[in-house]
Amino acid sequence: MAEMQVDVVGVEKKIWSGEASFVSARTVEGSIGILPGHEPLIAQLREAGVVRVDPTDGESFHVAAFGGFLSVTAESVTVLAELAELASEIDVAQAKDDLREAEHYIGESDDQEWRVARDRARARLQAAGESVEQ
Amino acid sequence: MAANLRVLRRRIKSTKNIAQITKAMEMVAASRISKAQARVEASRPYADEFTHVLKTAAKAGASDHPLLTPREEPKRAAIVVVTSDRGLCGGYNANVLRETERLIRRLSDEGKESTLYVIGGKGTAYFRFRNREMSGQFTGFSEVPDYANAAHAADHLTAAFLAGGENEVTVDWDSDDEADSGAERKVMFRAPQDAEGKPGVDEIHVVFTQFQSMMTQTATALQVAPLDLESEEDDEGSESSSSSDDSDGSDREAEYAFEPEPEVLFDSLLPKYVRARVFAAMLDAAASESAARQRAMKAATDNANDLVDNLVRESNQARQAQITQEISEIVGGSDALAQ
């Protein structure tokens, strides 16, 4: 099976790096799945979104990526994010609390910051494998 | 004589105490350097990849974007000055501020007004004392900066840069909210609310201390925006010219697809780019600050120890002189009695 070099890079450090056979993400224009040999592409990801990576060896995993970009060539995929968290590092209880709080405040005042907080909490939960209604 | 000896002993004690304090500060700074250096290293992949993305997108024809083209007749330039919050770090802040003054002079020679964005308590104190107006002040994180701090400062800059040198920053939150609540949500840049009414700029410069090695840190001024693609390409070129697939690479880059189209992509890249640059400068500066402090404190400890050595010698002399005097007094006294 063909493989490609995948790097998930956050501002402060490289989150993950290795060989993978499949990457899927949501860009501002829609979902995208990338197999090795994809056409070169630079795409902007959703402000808060989930990236799935299927490594060549090992289980597939999810990453919550905020404010990210995707840079694709035939043999490599790079996810650049202002903040990126591996699913295994996400505190599910904390994210649930955040989501509840954000939704509570959105009802009261239609403030942008709470909406961002809600989207972030949702992305975290999705990455961690919890079911969230979108 | 006895009084003199007591004074000397007191001075020795207090100097030793000072040496202990500076020694402790030296150790703290030393342990911070390696941490700060590691952060600089860890943040490098992001900066490198980001530059690559920008270049690729620029080649694909978004080259008339304000980020890439110098404005005609630039009127005003923003200068970001990265200093430390605390002192006791030798010439660290003085060097940055001197470099800043030099840059201000150069810009005014070119007919550009400067507006200051100052990071760090020492820098803000310097400009406040001289009654110089600052468009932005950010303090409280110079030793361990995180990305949120950088983003906050950088967003002020982006807002000013987008406004342009002849205008003022206007913050229009309401219309943004409407745009955001639309079905197809596009991520647009949102200016910080307190940036309202600040002068706009045509250029962004950063003055910070570059961490070159443990022993050398130099205050440097860099232009952040508009981005000088030519010179950066030269840097890269010298590195990659040895590899044979250079021409191959540029062929491939021409076929890049963009999502969304390059112009829109650039609009959302701009604020992130400024954030990344400011963050990188802050990390570099933090490492330099610790290194400068470590050196200053090492010098202070050495000086204190020298001082202690000299004082001990002096006090020994005084003690000896006292003893000699007492002996001669006793001898003199017994001689007088014997007669």
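Going along each chain's sequence as written, the residues are numbered from 1 onward. Chains and ligands are labelled by the order in which they are written, letters from A for the one and numbers from 1 for the other. Local features in this predicted model are restricted to residues of pLDDT 70 or higher, and side-chain atom pairs are both shown and tallied only at a pLDDT of 80 or more, whereas totals for entire chains, interfaces and linings draw on every residue. Note: side-chain values were computed over all heavy atoms of the structure, leaving out hydrogens and water.

- Per an unreviewed UniProt entry, the recorded name for chain A is ATP synthase epsilon chain, and the organism is Actinomycetospora corticicola.
- As recorded by UniProt, the Sequence similarities (unreviewed entry) comment attached to chain A reads in full: "Belongs to the ATPase epsilon chain family." UniProt positions are given in the numbering used here, feature names are shortened, and annotations may be inferred rather than shown by experiment.

### Regarding the overall build of chain B
Alright, step 1. Strands here mean DSSP runs of E at least two residues long; helices mean DSSP runs of H or I at least four residues long; both are numbered from the N terminus. Helices and strands together make up the secondary structure of chain B, namely 9 helices and 6 strands.
Alright, step 2. The buried label applies to any residue whose accessible area, calculated with a 1.4 Å probe on protein chains only, is under 20% of its type's maximum; exposed applies above 50%, and partly exposed to all values in between. Counting across all 339 residues of chain B, residues that qualify as buried make up 44%.
Alright, step 3. Across chain B, the fraction of contacts at a sequence separation of at least 24, relative to all contacts at a separation of at least 6, is 78%.
Alright, step 4. For every accessible area listed, the method is Shrake-Rupley and the probe measures 1.4 Å; residues are considered covered only by the protein chains on display. Accessible surface, chain B as shown: approximately 17800 Å² in total, 50% of it carbon and sulfur. The contact rule is simple, with two residues in contact once any of their heavy atoms fall within 4.5 Å.

### Examining the confidence of the model for chain A
Alright, step 1. Here chain A averages 84 in pLDDT, while 94% of its residues score no lower than 70.
Alright, step 2. Residue-level confidence of the predictor is what pLDDT reports, using numbers from 0 through 100. No element of chain A has a lower mean pLDDT than helix α2 (residues 112-127) of chain A, which averages 80, and none a higher one than strand β1 (residues 4-10) of chain A, which averages 90.

### As for the UniProt feature "domain: ATP synthase F1 complex delta/epsilon subunit N-terminal" (unreviewed entry) in chain A
Alright, step 1. Here the UniProt-annotated "domain: ATP synthase F1 complex delta/epsilon subunit N-terminal" (unreviewed entry) positions come out as residues 4-83 of chain A.
Alright, step 2. Secondary structure over residues 4-83 of chain A splits into 0% helix and 74% strand, and the C-alpha atoms at its two ends are 23 Å apart.

### Some words on the interface of chain A and chain B
Alright, step 1. Contacts between the two partners involve 30 residues from chain A and, on the opposite side, 34 residues from chain B.
Alright, step 2. Buried area between chain A and chain B, both sides added, is near 2900 Å², and the carbon and sulfur share of it is 58%.
Alright, step 3. Salt bridges are identified by distance alone: a Lys or Arg side-chain nitrogen within 4 Å of an Asp or Glu carboxyl oxygen. If you look at where chain A meets chain B, you find 2 salt bridges.
Alright, step 4. For Arg39(B), the salt bridge goes to Glu12(A), with nearest N and O atoms at 3.2 Å.
Alright, step 5. Each polar contact in these results corresponds to two N or O atoms within 3.5 Å; when the atoms are within protein, one needs to be able to donate a hydrogen and the other to accept it, and residues that are neighboring in sequence are counted only if both atoms are side-chain atoms. For the pair chain A and chain B, the number of links is 6 residue pairs in polar contact (both at pLDDT 80 or more).
Alright, step 6. Listed by contribution, the elements that provide at least two residues to the side of chain A that touches chain B are β1, β2 (14-27), β4 (41-44), β6 (61-73), β7 (76-86) and α2 of chain A.
Alright, step 7. When residues in the side of chain A that touches chain B are grouped by element, the largest group, 5 residues, is from β6(A).
Alright, step 8. Two strands pair if DSSP finds at least two bridges between them. For β4(A) and strand β6 (residues 257-259) of chain B, the ladder comprises 3 bridges, and the chain directions are parallel. Across the sheet, residue Ala43(A) finds its bridge partner in β6(B), namely Glu259(B). Values labelled buried area give the accessible surface lost by two parts on being combined, using a 1.4 Å probe and summing over both.

### What about the domain arrangement of chain A?
Residue and element names in this part refer to chain A.
Alright, step 1. What the domain assignment reports for chain A is domain 1 (4-86) and domain 2 (92-128).
Alright, step 2. For domain 1 and domain 2, the distance between their C-alpha centroids amounts to 23 Å.
Alright, step 3. With 9 residues of domain 1 at the interface, the matching set in domain 2 holds 6 residues.
Alright, step 4. Roughly 630 Å² of surface becomes buried between domain 1 and domain 2 when both sides are summed, with 65% attributable to carbon and sulfur atoms.
Alright, step 5. Taken together, the connections running from domain 1 to domain 2 amount to 1 salt bridge.
Alright, step 6. With a closest N to O distance of 2.7 Å, Glu85 and Arg124 form a salt bridge.
Alright, step 7. In this assembly, domain 1 and domain 2 are joined by 1 residue pair in polar contact (both at pLDDT 80 or more).
Alright, step 8. The element that contributes the greatest number of residues to the side of domain 1 that touches domain 2 is β6, accounting for 4 residues.
Alright, step 9. Split by residue class, the side of domain 1 that touches domain 2 holds 6 nonpolar, 2 polar and 1 charged. The split into domains, and so the bounds of each, comes from an automatic or database assignment of domains. Gly counts as polar in this scheme, as do all residues outside two lists: the nonpolar Ala, Val, Leu, Ile, Met, Phe, Trp, Tyr, Cys and Pro, and the charged Asp, Glu, Lys and Arg.

### Comments concerning the packing of helix α1 (residues 92-108) of chain A against α2(A)
Residues and elements named next belong to chain A.
Alright, step 1. Here an axis means a line fitted to C-alpha atoms, over the contact stretch when the element is a helix, while the angle between two N-to-C directions is reported on a 0 to 180 degree scale. Here α1 crosses α2 at 150°, and the two axes come no closer than 8 Å. Here α2 runs roughly antiparallel to α1, going by the angle between their axes. By crossing handedness, the relation of α1 to α2 is classed as left-handed. Residues Val92, Ala95, Lys96, Asp98, Leu99, Glu101, Ala102, Glu103, Tyr105 and Ile106 of α1 form the contact with α2, whose participating residues are Trp114, Arg115, Ala117, Arg118, Ala121, Arg122, Arg124 and Leu125.
Alright, step 2. Of the residues contributing to the contact of α1 with α2, the split by class is 10 nonpolar, no polar and 8 charged. Any angle that falls under 35 degrees is termed roughly parallel, while one over 145 is termed roughly antiparallel, one within 65 to 115 roughly perpendicular, and all others oblique. Helix crossings are classified by the rotation of the near helix relative to the far one: an anticlockwise turn of less than a right angle makes the crossing left-handed, while a clockwise turn makes it right-handed.

### As for the pattern of salt bridges
Residue and element names in this part refer to chain B.
Alright, step 1. Throughout the structure, instances matching the rule amount to 22 salt bridges over all chains.
Alright, step 2. Between Glu143 and Arg86 there is a salt bridge, and its shortest N-O distance comes to 3.2 Å. Of this pair, Glu143 sits in the loop between β3 (134-138) and α5 (147-163) while Arg86 sits in the loop between β1 (76-82) and α3 (92-109), and the two are 57 residues apart along the sequence.

### Here's the deal with the environment of Gly123(B)
All names here are of chain B.
Alright, step 1. Mapped onto the elements of the fold, Gly123 is located in helix α4 (residues 121-129).
Alright, step 2. Residues Gly123 and Ala58 lie 65 residues apart in sequence; the distance between their C-alpha atoms is 35 Å.
Alright, step 3. Ignoring anything within four residues of it in the chain, the contact list for Gly123 reads Thr83, Ser84, Leu97 and Val118.

### Describing the packing of aromatic side chains
Residues and elements named next belong to chain B.
Alright, step 1. A pair of Phe, Tyr and Trp rings is counted when the ring centres sit within 6.5 Å of each other, with Trp represented by its six-membered ring. The angle between the planes then sorts it: under 30 degrees is stacked, over 60 is edge-to-face, the rest tilted. Enumeration according to the criterion identifies 6 aromatic pairs over all chains in this entry.
Alright, step 2. For the pair Tyr46 and Phe50, a centre-to-centre distance of 5.6 Å together with 45° between the ring planes defines the contact as tilted. Of the two residues, Tyr46 and Phe50 are both situated in helix α2 (residues 44-59); the distance of 4 residues between them amounts to about one turn of the helix. Phe50 shares its class with Tyr46; the two are buried.
Alright, step 3. Their ring planes at 90° and their centres at 5.2 Å tell us that Tyr147 and Phe279 sit as a pair that is edge-to-face.

### Details of the sheet that holds β3(B)
All names here are of chain B.
Alright, step 1. Across the sheet, 5 strands lie side by side as β3-β2-β1-β4-β5; this open sheet has mixed pairing. In the strand order of this sheet, the two ends are held by β3 and β5 (217-225), each with one partner. Sheet twist, expressed as the average angle between the axes of neighbouring strands with direction ignored, equals 20°.
Alright, step 2. Here α3 sits on the sheet and contacts β1, β2 (113-119), β4 (203-211) and β5; the angle it forms with β1, its principal contact strand, is near 175°.
Alright, step 3. Of the strands in this sheet, β1, β2, β4 and β5 touch helix α9 (residues 262-338), which is tilted by about 30° from β4.

### Quick word on the packing of α3(B) against α4(B)
Residues and elements named next belong to chain B.
Alright, step 1. As a packed pair, α3 and α4 sit with axes 10 Å apart at the nearest point and diverge in direction by 50°. In terms of axis orientation, α3 runs oblique to α4. Note on packing geometry: the crossing formed by α3 with α4 is right-handed. Contact with α3, carried on its side by Asn93, Leu97, Thr100 and Glu101, involves Lys122, Gly123, Tyr126 and Phe127 of α4 and no other residues of that element.
Alright, step 2. For the contact of α3 with α4, the class distribution of residues is 3 nonpolar, 3 polar and 2 charged.

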